Structure formats: structure tokens, C-alpha cells
Amino acid sequence: MKKIIATLAALAVFHGCTSTPSIQTYHKTIPSKKNEYAAIEKENTQSAPSTIYSPFPAAVAATPQTAIVSAPQPVVVVPEVKNFDFNEEKKEKPRSSVSYDSDAQKIGVILPITGKNASLGQRALNAIRLGLGLDDKSNFQLAIYDSQSNPDLASQGVEKLLRDDHVVAILGGLSSKEAQNISAKAEFFQVPFFSFSQKSGLTTEAEYTFRNSVTPEMQVARLLQHAFKNLNAKRFAILYPNDAYGTEFANKYWDLVLAGGGEVVAAQAYDPKDTNLDIYVKKLVGTYYVDARSEEYQARQKEIADKKKKQKELEPNKKKNTREHETQENILPPIVDFDVLFVPDSGKALGQIMAFMKNNDVTQMTYLGTNLWNTPDLYRRVGNNTSNVFFVDANLSVDDQKKSDFHSKYVTKYEEEPTIVEAQIYEAAKILKDAIGSSSISRSSLAYQLGILGRKQGAYSEIRMNNNHEIERPLHIFSLTEGAIQKTE
């Protein structure tokens, strides 16, 4: 531990990575803003197709197969259940002594049906209905609880759905906080819960919580596989926004770089609200803190002064060069001792960073990113920059998606293109439908069946349930080729 801290402290001096907060002591302690990352919290800023839904009318019409449960007014008080610490060692978990009857044909849903995220909840509900076959004379029924995007209400919805509707399983948890609260109650009351949040640790050592989402761990693992194998990268750098999304991805990336035998030689955080990222880039490439390179700086100063003097002697009447008034920061050349730079932020941020890197004389670099880059305007953001750009996502090409049965059904029914999130929610609903069938399966038996699910055909490709109760799917590496996003491998 002391060795790691000392090493990183040396990196901070050499590269100037000393802004606060940043990865400069021990990367497990990267600070984060109070708000946790959730797809819903990113919807109006940096969301990619795989983490956001398009706007959709929020109205929900009740049918004989759908019962909408409003949030209790006043709020119903339920026994206090502490959220589990997913990082603690496995220990005896608290369980409810109350047992509620179960109807194997009734599925509970906890989604934001009203409020600011109602359109997201509606699209999720559409995918659930399609996955359960509710429009094809299915025997399944839904009991829908409106969370109103309130994590506390979402938590209370679990017991209400069990007590009043006798659901056999629950789908929901679009945001990280809602997913955590629902999971805690689901484990307490021992009811299978399928979440779609990317929150790390959600399913760790869980018995009744399952997840279908492309998580940070999955993205980073696939991205680094490409970096190690195809880019021959050995030395890595990270430039990340100081928000929950950026710090979580930076931590996962650092962990897996070390696990793969690589080395993180520079890491720098930046304020996501800043539009001028020049100072952060200078710190990353070691030109900000002149004192750390004082001898080199003085030598360069003398070299530049001598060059100017000689030019003036040779051409006394020549017009002054615009670079004559060199600033202190421009004197030192950048230190680029890393093979790739990871930027866990939007395509817009990438474009800004590339521009500031160029201004600091870094014209060639290989940039790695997350599925936030998978937007039609990525090329416009990057421009004619000749650097390499690679990112990871689960999306197939549009043509491949259109060949799927799910895509055809969804577009026919709802007259709009589904995103990867609708596909994931559809898959979870269909998994429940197939696991339950027409049987009178118990909640514990259903949880067991989900845990040993194995491989199954998903909306677009084969999927599988891993030992951590998470659905895995093929992830692809994309790049910018001739101005267009194309799958690299």
C-alpha cells in the first residue's frame, strides 16, 4: 500500500497530476460527487443510446392484465431495512419473518410512471409487456408500482407488491439508488428482482437480485482486451470527469490495467462543468508544474532566446513571429509516455480534449472510451483529427438489429426504434416468462432457476447468466473509419 502511494505521488510530481480530486494517492479512494451515477441521472447530459430512452408519451392505460399501484398517501411505514454493504465480506443476511403468498403468474414492476422520468418508465413498461407476451393472450399479469423516481418510494413498493398483489418476482430499478433500495428489500423479503442499473456491486453475493445491463466492469474489460491484444498497449493514462460516472470508470479501468500487467503512468481529473480543459491537459502531460522540470525549462528558455536573437541578427527587418511571446506553459514539450488515453466521458468532451491536446503539441494519440461515444455526431465532435478513437458498446449495426424478431415486434407495436436498454428489459421479462411457464413455481425456486440460467438467445445475440447474477452479452469495439462509426472487431 505504502509503495503504491509513493509511486503515485512520484507520478503526480512528474506529470503534474495533483489537482483535487484525482487519482494521486491510492486509486481505491478516488473521491466522487454526492450524486451516484445512474442512467436516468445522465439522460439530459451525456447519455448514449445504450443508457437512455427517447421521449415517449407518459400516459399508461390500465388493462385487465395491468394493475397500477399508486404510491401510498400517506406513506405506509414498513420495517426499517438497512441497505446492504456490497463490499463487506459475506455474512448472515437479515430476512423477513413474514411470508407472503405468491401468484406465479403475477409479475411486479417498480418504475417511474409519473414525474420527470415518466417517459423512461413507459418505454421500460412497453418492453416488459412485449417480453411477457401480454398482448398475445398471455396468462401473466402485471402489478405496477409508481416509484415517481423516488428511491424511498421504490423501496416501499416491494412489500406492497408482495402483500397486496402476491407477485412472484419484480422488474425495475432503472436508477442506481432505486435499484439499491429495491435490491435490499428484495433480499430481505426473498423475492427475485431483475434490475437494469449499472451500479457496481449490486449483485455481489446477492441471492435474489439479478441484473441485465452493460456495466462499467464489462465495458472496461472488453476495452482493455482490445488495448492489450490489438494495440499492444503497456502504459496507460486516464483523463476523467470528477463525477460519479467518471470516477467509477476510472477505478475499474485502473484495477483491470494492473490485473492485465499494464501500468498507469498518468491520471488527471477535471471538473465536468469546465469548458476550458487546457489546465487539466497540461497537468496530464507534465507542462503545468514548471518547478518539477526547472533545469529543462531554463535550458529551453535559453534555447528559444538564442534562436530569436540569431533570427533577428539574420533578418533585422522581418515581421515579428506570432509565437515570439512564448508563454511559460508553451516552453516545455509534453511528456507523452503512455500508449493510450482513457476518457470516460461524452463524445463532446472527447472533442474538446482532443483540441486541447493538439494545442499542447500532442497531435497523435489513441483514445479509448465508453458507450457514451456511440452517437451519430461523434465524427463532427472529433473533426479531422487523425488520432485513433476506439470505444466499446453492445449495439450491433442498424442492419443487424433490424433482422431480429425483437426489433420487428417492437417497431410494429410501438412505431419507434428500440434502444439497447429496451432490449435488455425485454430479455429479462422473457427470461421470467420462460422460467415460470405455466407452473406454480415458488419465489425461491424461481431465484434458483434464474441463477443457473446459462446461455440463452437474447434480443439480438446469445446471452448468458454469469455466476454473479449478471447477464453477459457480446461487446464490440467500434472506431471512426473514414468519418463513420464502424465495428472494428
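These notes cover the structure that comes with them. Bear in mind the structure is a predicted one, so any value in this text is a computation, not a measurement.

Quick notes on the sheet that holds strand S12 (residues 455-457)
Phase 1: Within the open sheet, the 3 strands sit side by side as S12-S13-S14. Their pairing is antiparallel. A strand with exactly one partner marks an edge of an open sheet, and here the two such strands are S12 and strand S14 (471-472).

Focus on the pattern of salt bridges
Phase 1: Counting across every chain of the model gives 19 salt bridges.
Phase 2: Close ionic contact of Arg-473 with Glu-427 constitutes a salt bridge, the shortest N to O distance being 2.7 Å. Taken as a pair, Arg-473 in the loop between S14 and strand S15 (476-481) and Glu-427 in helix H15 (residues 420-436) lie far apart in primary sequence, 46 residues in all. Across this residue pair, the class does not change: Arg-473 and Glu-427 are buried.
Phase 3: The closest approach of N and O atoms between Asp-434 and Lys-430, which form a salt bridge, is 3.2 Å. Pair noted here: Asp-434 and Lys-430 are both in helix H15, with a separation of 4 residues, about one helical turn.
Phase 4: For Lys-430, a relative accessible area of 32% corresponds to the partly exposed category.
Phase 5: Taken together, the salt bridges that share partners define one network made up of Arg-95, Glu-187 and Glu-207.

Some details on the environment of Arg-222
Phase 1: Mapping Arg-222 onto the fold places it in helix H6 (residues 216-229).
Phase 2: Linking Arg-222 and Leu-475, residues 253 residues apart in sequence, is a C-alpha distance of 6.8 Å.
Phase 3: Ignoring any residue separated from it by four or fewer positions in sequence, one finds Arg-222 in contact with Val-392, Leu-475, Ile-477 and Glu-489.

A few points about the side chain of Asn-181
Phase 1: With respect to the helices and strands, Asn-181 occurs in helix H5 (residues 176-189).
Phase 2: Within the structure, the side chain of Asn-181 is placed 3.1 Å from the backbone oxygen of Pro-151, a separation counted as a polar contact.

A word on the environment of Glu-472
Phase 1: Along the chain, Glu-472 turns up in strand S14.
Phase 2: Given a relative accessible area of 28%, Glu-472 falls into the partly exposed group.
Phase 3: Along the sequence, Glu-472 and Asn-212 sit 260 residues apart, while their C-alpha atoms lie 7.7 Å from each other.
Phase 4: Sequence-distant contacts of Glu-472, defined by excluding residues within four places in its chain, comprise Met-218, Glu-462, Ile-463, Arg-464 and Asn-466.
Phase 5: A polar contact is formed between the side chain of Glu-472 and the side chain of Asn-466, at a distance of 3.0 Å.

So, how was this worked out
- Residues numbered from 1 in each chain as written.
- Predicted model: local features only at pLDDT ≥ 70, side-chain atom pairs only at ≥ 80, totals over all residues.
- Heavy atoms only, no water.
- Pairing = 2+ DSSP bridges.
- Helix = DSSP H or I, 4+ residues; strand = E, 2+ residues; numbered from the N terminus.
- Salt bridge = Lys/Arg side-chain N within 4 Å of Asp/Glu carboxyl O.
- Buried < 20%, exposed > 50% of the residue type's maximum accessible area, 1.4 Å probe, protein only.
- Contact = heavy atoms within 4.5 Å.
- Polar contact = N/O pair within 3.5 Å; in protein donor to acceptor, adjacent residues only side chain to side chain.

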